[in-house]
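Structural description and commentary
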Amino acid sequence: MTTKQRAYLKSLAMTMTPILQLGKGGLTPQNTAAVEEALAARELIKISVLQNCMEDPKEMAQVLSERTHSQVVQVIGKKIVLYREGKDDKKKIVLPGK
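First things first, this report covers the structure right here in the doc. Keep in mind the model is a prediction, meaning the values are calculated, not measured. (Residues numbered from 1 in each chain as written. Predicted model: local features only at pLDDT ≥ 70, side-chain atom pairs only at ≥ 80, totals over all residues. Heavy atoms only, no water.)

**With respect to the overall build of the protein chain**
Put simply, the rule reads: Strands are runs of DSSP state E lasting at least 2 residues, helices are runs of H or I lasting at least 4, and numbering of each runs from the N terminus. The quantity called the radius of gyration is restricted to C-alpha atoms. Its globule counterpart is 2.2 Å times the number of residues to the power 0.38. Only protein chains enter the calculation, and the probe is 1.4 Å; a residue is then buried if its accessible area is under 20% of its type maximum, exposed if over 50%, and partly exposed in between. When checking whether two residues touch, look at their non-hydrogen atoms; a contact exists if any pair is within 4.5 Å. Positive charge is attributed to Lys and Arg, negative charge to Asp and Glu, and no charge count is given to His or to the chain ends. For charged residues, the charge sits on one atom: NZ in Lys, CZ in Arg, CG in Asp, CD in Glu.
Counting its secondary structure elements, the protein chain contains 3 helices and 4 strands. Taken over C-alpha atoms, the radius of gyration comes to 13 Å for the protein chain, in line with the 13 Å a tight globule of 98 residues would show. Within the protein chain, the proportion of its 98 residues that are buried is 39%. Across the protein chain, the fraction of contacts at a sequence separation of at least 24, relative to all contacts at a separation of at least 6, is 70%. In the protein chain, which carries 16 positive and 10 negative side-chain charges, the distance between the mean positions of the two groups comes to 6 Å.

**A look at the side chain of Lys-46**
As a reminder, the rule being used: Within this document, salt bridges are pairs made up of a side-chain nitrogen of Lys or Arg and a carboxyl oxygen of Asp or Glu, the two lying within 4 Å of each other. What qualifies as a polar contact is a pair of N or O atoms within 3.5 Å, subject to a donor-acceptor requirement within protein and to the restriction that residues adjacent in sequence count only when both atoms come from side chains.
Relative to the helices and strands, Lys-46 resides in strand E2 (residues 44-49). Notably, Lys-46 is buried but unbridged: the nearest opposite-charge side chain belongs to Glu-43, and the N-O separation is 17 Å. Looking at Lys-46, its side chain comes within polar contact range of the main-chain oxygen of Ala-13, at 3.1 Å. Those residues in contact with Lys-46, other than ones at most four positions away along the chain, are Ala-13, Met-14, Met-16, Thr-17, Pro-18, Ile-19, Leu-20, Lys-79, Ile-80 and Val-81.

**Observations concerning the nonpolar core**
Going by this rule: Note on terminology: a nonpolar core comprises buried Ala, Val, Leu, Ile, Met, Phe, Trp, Tyr and Cys residues joined through side-chain atoms within 4.5 Å.
Ranked by size, the top nonpolar core spans 16 residues in total, and within it Val-35, Ile-45, Ile-47, Met-60, Leu-64, Ile-80 and Leu-82 carry the most contacts. Elements with a contribution of two residues or more to this core: strand E1 (20-22), helix H2 (29-42), E2, helix H3 (57-68) and strand E4 (79-83). Core analysis: the next-biggest nonpolar cluster, separate from the first, contains 8 residues, Leu-9, Leu-44, Val-81 and Leu-95 among them.

**Quick look at H2**
The following threshold applies: Multiply 1.5 Å by the residue count of a helix minus one, and that product is the helix's expected span.
For H2, spanning 14 residues, the distance from its first C-alpha to its last is 20 Å, which sits close to the expected 20 Å at 1.5 Å a residue. Phi turns positive one or two residues past the end of H2, at Glu-43, with a value near 75°.

**Describing the pairing of E4**
Operational definition: Paired strands, as defined in this entry, are two strands with at least two bridges between them according to DSSP.
A large share of E4 lies buried, amounting to 4 of its 5 residues. Relative to E4, E2 is paired through 5 bridges, and the arrangement is antiparallel. Looking across to E4, one finds that Ile-47 is bridged to Ile-80. As defined by bridge partners, strand E3 (residues 71-76) adjoins E4 across 5 bridges and the pair is classed as antiparallel. Directly across from Val-75, in E4, lies its bridge partner Ile-80. The antiparallel pairing of E3 with E4 creates a hairpin that spans 2 residues between the two strands, and Gly-77 there sits at a positive phi of about 60°.

As structure tokens, then:
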């Protein structure tokens, strides 16, 4: 992913509201499955890490991206933004420079 593409995804994510919340349970198989489904439906998702979660959001983002084969766009504070390109028939986001 180029810096231009990452910047474009960040700008899209700015207006999004988080669709998932990760709490003190951390990363469970259910959370990972929910992220997987959300990425399949939306391509770009924002996740909120609640205050009571003891895990580091950056580490959680890395683990989630590995498990779901997605890319970490950014982690700011307790917000994680992930992106995974959709299948050809379901593409919603066209990245610049492609």
